Amino acid sequence: MSGKTIFVVEDEKDISNLVALHLRKSGFIVIEFGKAENFLNYLKRTIPDLIILDLMLPDADGLDICRQLKTSHDYHSIPVIILTAKSEETDKIIGLELGADDYVTKPFSPKELVARVKSVLRRSEIKNSEKITAGKILSVDLNKYEVFVKDKKIHLTQTEFNILKILLSKKGWVFTREKILDMLWQGEKAVIDRTIDVHIKKLREKLGEAGKLITNVRGIGYKIEE
Ligand code: CA
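In what follows, the accompanying structure is described. All figures in this text were calculated on a predicted structure; none of them were measured in a lab.

With respect to the overall build of the chain
Point 1. A count of helical and extended segments in the chain gives eight helices and 12 strands.
Point 2. Taken along the three principal axes of its C-alpha coordinates, the chain extends 65 × 30 × 30 Å.
Point 3. Across the 226 residues in the chain, those meeting the buried criterion constitute 45%.
Point 4. Nonlocal contacts in the chain, meaning residues at least 24 apart in sequence, comprise 58% of its contacts between residues at least 6 apart.
Point 5. For the chain, the computed accessible surface area is about 12000 Å², with 51% contributed by carbon and sulfur atoms.
Point 6. When the 38 positive and 34 negative side-chain charges of the chain are each reduced to one mean point, those points stand 5 Å apart.

Below is the structure:
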């Protein structure tokens, strides 16, 4: 895990330095931020492997930052560990509901925090291996059944999701209607070919801008291309 980049967003210098010191000892690259603004600007240029986020920042509420990250197309898969004071029990719960991957209560042992970092990174490696993107605007999380077009989460039916997954499994390949039907129902259901056209029409509409990535190859079937 050494060589991975961790952003530490914490205005209390003593805590930030202590955390950074222990993470560096474990081989991580650490960048510290005392303000949310600096952190968010830097994030536009560099995506870290994990973010340690204090909830009480001088220029922002850590929970807002967490929400912002976890609903963003570009940042939602970056693991976040939140730092909270003991009295902020509700914040801890809200943080987890917002999608934070773990939390550590102050005061904490730096060794424990490093252990948490490693465990969250291990989990996220497994999770992220199941993510597919296309055309820079479409992103699909196969484990969470989540589809994002840019920043927007798209709600698909199970069948629409499965069709999208099939097309994404081999980008550029043309899937015939029969092939898609076969992969969807494994020959269990007798569905006429037209059904696929209807599902794909709806899928394209829901995907909006990213819908153009799905193209109809006249007389043959469908494909998805970058
Ligand atoms: Ca603070």
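What about the environment of Phe-175?
Point 1. Residue placement: Phe-175 occurs in strand β10 (residues 175-176).
Point 2. Relative accessible area serves as the criterion here: at 7%, Phe-175 is assigned to the buried category.
Point 3. For the pair formed by Phe-175 and His-76, sequence separation is 99 residues and the distance between their alpha carbons is 31 Å.

A few points about the nonpolar core
Point 1. In this structure, Leu-138, Val-147, Leu-164, Ile-180, Leu-207 and Ile-214 are the most contacted members of the largest nonpolar core, which totals 29 residues.
Point 2. Within the residue set of this core, elements represented by two or more residues are β6 (131-134), β7 (138-141), β8 (146-149), α6 (158-169), α7 (177-185), α8 (194-207) and β12 (221-224).
Point 3. By size, the runner-up hydrophobic cluster in this structure holds 20 residues, among which are Phe-39, Leu-55, Leu-63 and Val-80.

As for the sheet that holds strand β9 (residues 152-154)
Point 1. One open sheet holds the four strands; their spatial order is β6-β7-β8-β9, and the pairing between them is antiparallel. Of all the strands in the sheet, the pair left with one neighbour each is β6 and β9. For this sheet, the mean inter-axis angle between neighbouring strands, taken without regard to orientation, is 25°.
Point 2. The pairing of β6 with β7 spans four bridges and is antiparallel. Within β7, the residue paired with Ala-134 across the bridge is Leu-138.

A look at the sheet that holds strand β2 (residues 29-33)
Point 1. Spatial strand order, β2-β1-β3-β4-β5: five strands in an open sheet with parallel pairing. With partners counted over all chains shown, the strands left at the sheet margins are β2 and β5 (102-106), one partner each. Each strand axis lies, on average, 20° off the axis of its neighbour in the sheet, ignoring direction.
Point 2. Pairing geometry for strand β1 (residues 5-9) and β2, over five bridges, is parallel. Opposite Thr-5, over in β2, you have Ile-29 as the bridge partner.

Points about the coordination of the calcium ion
Point 1. With distances of 2.1 to 2.3 Å, the protein atoms coordinating the calcium ion are Asp-11 (OD), Asp-54 (OD) and Met-56 (O).
Point 2. Here the donor residues of the calcium ion are spaced in sequence according to D-x42-D-x1-M. Of the two residues, Asp-11 is situated in the loop between β1 and α1 (13-25) and Asp-54 in strand β3 (residues 50-54); the sequence distance between them amounts to 43 residues.

With respect to the pairing of β1
Point 1. Within β1, five of the five residues are buried, which leaves it mostly tucked inside the rest of the structure.
Point 2. Neither face of β1 is exposed, since Thr-5, Phe-7 and Val-9 on one face and Ile-6 and Val-8 on the opposite face are all buried.
Point 3. As a crossover connection, the stretch from β1 through α1 into β2 is right-handed.
Point 4. Of the pairings in the sheet, the one linking β1 to β3 comprises four bridges and is parallel in character. Within β3, the residue paired with Phe-7 across the bridge is Ile-51.

Cut-offs applied
Numbering of residues begins from 1 in every chain and follows the order in which that chain's sequence is written. Per-residue local features of the predicted model are confined to residues with pLDDT of at least 70, and side-chain atom pairs are confined, for both listing and counting, to 80 or more; whole-chain, interface and lining totals are unaffected and use all residues. To obtain the side-chain values, all non-hydrogen atoms of the structure were used and water was disregarded. Secondary structure elements are taken from DSSP: a helix is a run of H or I of four residues or more, a strand is a run of E of two residues or more, and numbering for both begins at the N terminus. The buried label goes to any residue with under 20% of its type's maximum accessible area, the exposed label to any with over 50%, and the partly exposed label to all in between, with areas taken from a 1.4 Å probe on protein chains only. We call two residues in contact when some of their heavy atoms are within 4.5 Å. Shrake-Rupley sampling with a 1.4 Å probe provides the accessible areas, and residues are treated as covered by the protein chains on show and by no other component. Only four residue types enter the charge count: Lys and Arg as positive, Asp and Glu as negative, with His and the chain ends excluded. By convention, the charge on Lys lies at NZ, on Arg at CZ, on Asp at CG and on Glu at CD. Among buried residues, the Ala, Val, Leu, Ile, Met, Phe, Trp, Tyr and Cys ones that are joined through side-chain atoms within 4.5 Å form a nonpolar core. Only strands that DSSP links by at least two bridges are regarded as paired with each other. Angular values range over 0 to 180 degrees, each being the angle between N-to-C directions of two axes fitted as lines to C-alpha atoms, with helices fitted over their stretch in contact. A donor here means any N, O or S atom no more than 2.8 Å from the metal (3.2 Å for Na, K and Ca); water is not included, so a site may seem to lack partners. If you view a crossover with the strands going away from you and the path from the first strand over the helix to the second runs clockwise, you call it right-handed.

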